[in-house]
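# Structural characterization, general
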Amino acid sequence: MSSRAAVLVLAGVLASAIAFDLWRMPVQPSDALTELLDAQASSSVATSFRNAVGTTSYLRPLRIAQIKALFDLSQGHYRLVYRGFHALLIVALIWLFVRALPIESPLDAAAAAVALTVLTGLHTFLGFLREAFPINHFLEIAVLVLIALNLTLSNGGVPRAGWRGWLIDLLAAITFVFAALTLESGVLIWVVIATAWMAGLRGVSARGLVLVTALLAGYFVLRFWYLDTGLPSLTERTSGYFLERLEPSELQQRFGDRAFVFYAYNVVASILSVLFSEPRDGLFVATRAWRGGDVHPHAYLTVLSSLAMTIVMAWTAFAWWRASRRKRATLGRSGRLAIVAVVVLMANAALSFSYAKDDIIAVAGVFYAIAAFASVRAVLEYGQGGGFMRAAVVSIAMLALGSAWAMRSSGVHHVMNEHAFRTRNDWAELPIKWQREGRWPSDAAPRALVEGLRDIALDTDVPNPQMVPEWRSQWYGD
Amino acid sequence: MIAAAALPAAYLGVLTAGMLLRAVVGTHPLWRVEPVNLSEAAALRDPATVVRLIRRGEDPYQRREVRADLLFNDRAELTPLEAAIASGRPEVAEVILWSAPRPEPAVWQQLRCLAQLEEDEDMGEVLDRYKPESAVLECSGVTRPWK
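This text gives an overview of the structure that appears in the document.

Criteria and cut-off values
Residues numbered from 1 in each chain as written. Chains lettered and ligands numbered in written order. Predicted model: local features only at pLDDT ≥ 70, side-chain atom pairs only at ≥ 80, totals over all residues. Heavy atoms only, no water. Helix = DSSP H or I, 4+ residues; strand = E, 2+ residues; numbered from the N terminus. Buried < 20%, exposed > 50% of the residue type's maximum accessible area, 1.4 Å probe, protein only. Contact = heavy atoms within 4.5 Å. Areas by Shrake-Rupley, 256 points an atom, 1.4 Å probe, with all protein chains shown as cover. Buried area = accessible area lost by both parts, 1.4 Å probe. Salt bridge = Lys/Arg side-chain N within 4 Å of Asp/Glu carboxyl O. Polar contact = N/O pair within 3.5 Å; in protein donor to acceptor, adjacent residues only side chain to side chain. Expected span 1.5 Å × (residues − 1). Arc of directions from axis to C-beta. Patch = residues over 30% accessible without salt bridge, like charges linked within 9 Å, V, L, I, M, F, W, Y side chains within 5 Å. Lys, Arg positive; Asp, Glu negative; His and termini not counted. Charge placed at Lys NZ, Arg CZ, Asp CG, Glu CD. Disulfide = S-S within 2.5 Å. Core = buried A, V, L, I, M, F, W, Y, C linked by side-chain atoms within 4.5 Å. Axes fitted to C-alpha atoms, helices over the stretch in contact; angles between N-to-C directions. Parallel < 35°, antiparallel > 145°, perpendicular 65-115°, else oblique. Left-handed = near helix turned anticlockwise from the far one by under 90°. Nonpolar A, V, L, I, M, F, W, Y, C, P; charged D, E, K, R; others polar. Phe/Tyr/Trp six-rings, centres within 6.5 Å; stacked < 30°, edge-to-face > 60°.

### Topic: the overall build of chain A
On a plain count of helices and strands, chain A comes out with 20 helices and two strands. By its C-alpha atoms, chain A is 75 × 55 × 55 Å across when sized along the principal axes. Here chain A, with 478 residues, has 56% of them falling under the buried criterion. Considering only residue pairs separated by 6 or more positions, chain A has 78% of its internal contacts joining residues 24 or more positions apart. Carbon and sulfur atoms form 63% of the exposed surface of chain A, whose accessible area is close to 19,800 Å².

### Comments concerning the interface of chain B and chain A
Where interface size is given, it is often the accessible area lost as the parts come together that is meant. Contact with chain B, which involves 39 residues of that partner, is made by 52 residues of chain A. Roughly 3,900 Å² is buried in total at the junction of chain B and chain A, and carbon and sulfur atoms are behind 69% of that figure. Between chain B and chain A we count four salt bridges in total. Across the chain B-chain A interface, the total number found is 13 residue pairs in polar contact (both at pLDDT 80 or more). Mapped onto the side of chain B that touches chain A, the elements with two or more residues apiece are helix H1 (2-24), helix H3 (47-55) and helix H5 (90-99) of chain B.

### Quick word on helix H17 (residues 362-384) of chain A
Think of an α-helix as turning once every 3.6 residues; residues three or four places apart then point the same way. With 23 residues, H17 of chain A extends 33 Å from end C-alpha to end C-alpha; this agrees with the ideal 33 Å at 1.5 Å per step. In terms of burial, H17 of chain A is largely enclosed, as 19 of its 23 residues are buried.

### Points about helix H3 (residues 45-53) of chain A
Residues and elements named next belong to chain A. Residues of H3 that are buried: Thr47, Ser48 and Ala52. The buried residues of H3 occupy one face: seen down the axis, they fall within an arc of 130°. On its buried face, H3 is in contact with helix H4 (61-74).

### A short note on a negative patch on the surface
Residue and element names in this part refer to chain B. A grouping of Glu119, Glu121, Asp122 and Glu125 is seen on the molecular surface, where their side chains present a negatively charged patch. Mapped onto the fold, Asp122 is located in helix H7 (residues 121-129). Judged by relative accessible area, which is 48%, Asp122 ranks as partly exposed.

### Some points on the state of the cysteines
Think of a disulfide as a covalent bridge from one cysteine sulfur atom to another cysteine sulfur atom. All names here are of chain B. The final tally for this structure, using the stated rule, is one disulfide over all chains. Linked covalently through their sulfurs, Cys113 and Cys139 form a disulfide whose S-S length is 2.0 Å. Given an S-S torsion of about -90°, the disulfide between Cys113 and Cys139 has left-handed geometry. Note that Cys113 is positioned in helix H6 (residues 105-117) and Cys139 in the segment after H7, a separation of 26 residues in sequence. Owing to a relative accessible area of 23%, Cys139 belongs among the partly exposed residues under this scheme.

### Some thoughts on the nonpolar core
Residues Phe97, Phe128 and Phe367 of chain A are the most contacted members of the largest nonpolar core, which totals 121 residues. Here this core takes 14 residues from H17 of chain A, the largest share from any one element. Leave out the neighbours within four places in its chain, and Phe367 of chain A touches Val145, Leu149, Val192, Val340, Ala341 and Val344 of chain A. Ala86, Val92, Leu114 and Tyr130 of chain B belong to the second-largest nonpolar core, a separate cluster that totals 35 residues.

### Some remarks on the packing of helix H9 (residues 162-180) of chain A against helix H11 (residues 206-226) of chain A
All names here are of chain A. Following both chains from N to C, one finds H9 and H11 inclined at 20°, their axes separated by 9 Å at the closest point. Classified by the angle their axes make, H9 and H11 are roughly parallel. The element H9 and its partner H11 pack so that their crossing is right-handed. Contacts between H9 and H11 involve Gly165, Trp166, Asp169, Ala172, Ala173, Phe176, Val177 and Ala180 from the first element and Arg207, Gly208, Leu211, Val212, Leu215, Leu216 and Tyr219 from the second. When its residues are assigned to classes, the contact of H9 with H11 shows 11 nonpolar, two polar and two charged.

### Remarks on the environment of Trp108 of chain B
All names here are of chain B. Along the chain, Trp108 turns up in helix H6. Linking Trp108 and Leu44, residues 64 residues apart in sequence, is a C-alpha distance of 22 Å. Beyond its immediate stretch of four places on either side in the chain, Trp108 contacts Pro103, Leu127, Asp128, Tyr130, Lys131, Pro132, Ala135 and Val136. Of note is the side chain of Trp108, whose polar atom sits 2.8 Å from the backbone oxygen of Leu127.

### Notes on a nonpolar patch on the surface
Residues and elements named next belong to chain A. Together, Trp163, Leu167, Leu170, Leu171 and Ile174 line one region of the surface with nonpolar side chains, adding up to about 510 Å² of accessible area. Along the polypeptide, Leu167 turns up in helix H9. Classification of Leu167 as partly exposed rests on a relative accessible area of 39%.

### Some details on the packing of aromatic side chains
Residue and element names in this part refer to chain A. Scanning all chains against the criterion turns up 18 aromatic pairs over all chains. Centre to centre, the rings of Tyr241 and Phe255 are 5.0 Å apart; their planes meet at 70°, and the pair counts as edge-to-face. You can see Tyr241 sitting in strand S1 (residues 239-241) and its partner Phe255 sitting in helix H12 (residues 248-255), a full 14 residues away along the chain. Pair check on accessibility: Tyr241 and Phe255 agree, each one buried. Seen from their ring centres, Trp315 and Tyr382 are 5.0 Å apart, and the 70° between their planes marks the pair as edge-to-face. Taken together, the residues span a long stretch of sequence, with Trp315 in helix H15 (residues 297-327) and Tyr382 in helix H17 at a distance of 67 residues. Of the aromatic side chains, those joined through ring pairs into one cluster are Tyr241, Phe242, Phe255, Phe262, Tyr263, Tyr265, Phe284 and Phe353.

### Considering the pattern of salt bridges
Here the structure, examined in full by the defined rule, presents 27 salt bridges over all chains. Across the pair Glu58 of chain B and Arg64 of chain B runs a salt bridge, and its minimum N-O distance is 3.6 Å. Given the relative accessible area of 28%, Glu58 of chain B is considered partly exposed. What makes Arg64 of chain B buried here is its relative accessible area of 10%. Each of Arg60, Glu184 and Arg223 of chain A takes part in a single network of salt bridges with overlapping partners.

### Things to note about the side chain of His419 of chain A
Among the secondary structure elements, His419 of chain A is positioned in helix H18 (residues 388-436). For His419 of chain A, the residues in contact, after removing those within four places along its chain, are Met25, Gln28 and Arg130 of chain A.

### Section: unusual backbone geometry
Residue and element names in this part refer to chain A. For the bond running from Phe133 to Pro134, omega is -5°, close enough to zero to count as cis. Inspection of the secondary structure puts Pro134 in the loop between helix H7 (127-130) and helix H8 (137-157). Here Glu278 and Pro279 are connected by a cis peptide whose omega angle stands at 5°. Among the structural elements, Pro279 can be located in the loop between helix H13 (259-276) and helix H14 (285-291).

Next comes the structure, spelled out in structure tokens:
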């Protein structure tokens with residue numbers, strides 16, 4: 001079996017297991033149900049698209065149009081279509097991730113195996129699984145960004161001549177348009193294509209880059225000038241700030257006349273979150289737990305494994321920088337990917353300026369795993385280039401680091417379990433809450449939709465987290 | 001060295017593959033559901049299972065065994081609403097009351113007094129919303145049915 005095939009088998013197993021969890025999870029009522037009712041009420045996909053164009057703060061017409069398209073496609077089989085689509089996206093994400101990695105030797109395969117556990121074990125990955133509105137658009141954007149990355153890597157990162165070159169450039173443009181009109185973080189497609197081009201990965205040609213840049217300019221003109229959509233305000237939602245969670249009114253009171261302080265905090269918090277798994281959603285949860293004397297093993301596991309991996313990355317970057325100064329060494333493909341990863345992290349964090357949320361920074365989490373591949377690969381090469389002692393130290397360090405990340409990755413299933421339990425219970429309580437709030441549908445069609453979805457959720461077998469061994473929540477969190 | 005780096009991920013892959021194989025035959029280790037009765041579901045804060053069992057025709061006012069260590073160290077005989085009160089879950093109590101016929105005045109009185117004994121104001125509010133018309137609140141002599 002080739003090294004790439006071995007990694008693909010591992011990726012296939014991990015992806016299938018997560019897809020199975022997703023399949024067992026009911027469609028969530030919070031956020032998703034209103035969207036589904038809107039989709040039911042809308043006469044067509046085009047109408048849904050048009051209605052979403054004129055909204056304020058956000059320009060996401062394809063998000064709404066997709067929900068409607070899947071709704072029409074489902075013909076009442078909501079779980080099959082929405083959960084099936086979610087599972088399909090996660091399989092696509094993991095496959096595209098592996099596809100982007102240069103795996104040509106057992107050493108590459110070992111680095112890729114560790115990177116897979118980083119991808120699936122990082123806390124931002126959970127944002128791809130837990131939330132669905134009823135489509136997980138954060139996951140969708142990550143898949144589209146990985147498509148763009150794979151396009152830049154096509155033909156060995158060299159532009160193709162003739163119609164194939166045109167096709168790749170066109171695909172890059174379509175990917176950008178689709179992503180940008182789905183979520184704001186879709187503009188990361190441009191970041192990936194532009195950075196990859198500058199780093200020497202030019203599967204998308206200069207012509208393609210110009211085309212996508214023109215589309216980016218068009219997006220800004222459409223959003224800020226023609227439609228005057230604007231940006232989200234301070235008072236849209238609660239947000240973490242150091243050790244406290246602030247309500248919109250508190251945010252307005254504290255940062256109303258100096259919003260840039262809050263925005264700067266969010267950008268820095270987002271970067272730290274990816275690099276150190278702390279803060280989470282803008283809140284320093286592990287620090288708060290430590291101050292309160294109630295730190296679970298999960299907090300140590302996440303923060304220390306992230307800290308160790310980030311130190312490995314910093315060491316690799318320093319080693320590359322030193323080598324490039326001494327020998328004018330050229331950067332390999334994994335080094336170029338690492339450069340793209342750093343820029344995506346910065347850009348994704350900048351896009352999180354309005355509020356820090358793990359889901360928004362999730363694309364950067366995927367690129368953190370790509371950087372982990374490059375770094376682990378470099379460390380293994382370093383280990384091979386020395387004597388017995390160096391090899392022994394690297395082996396022990398890699399075993400410890402790999403074990404910590406494998407442990408984190410295995411926790412995904414536990415978290416999904418807990419989330420499924422909470423979601424199913426939300427459905428049980430939904431009619432009571434909605435009737436009390438006067439939101440319960442009076443018309444037969446929407447009522448049948450809500451009751452149908454509730455029946456599906458209640459009929460799904462979900463284990464009670466209180467009946468599983470306590471060590472799981474201690475080590476995996478929730 | 002390469003083996004040391006790859007070993008944890010490979011081990012995870014083998015364990016996950018085993019989990020998937022068990023899922024095919026319906027015994028996924030993480031999605032295995034332990035059967036519970038209506039009172040246990042209420043005690044374990046599982047309103048979805050509560051609704052499902054009531055829909056299947058189980059009597060929400062009947063006492064059932066709650067196994068030792070689920071709610072108390074010892075086993076107990078409780079109705080689902082008593083279990084919800086004992087575990088301090090007003091949302092579970094509300095789901096039961098919303099899904100089931102209204103309680104008899106005497107039953108309601110017993111439950112309301114238990115909520116009072118537990119000093120659970122939220123629970124009291126939930127029970128007050130489902131108060132039978134002829135019920136009165138008289139708690140002398142009411143004691144907890146659990147130790």
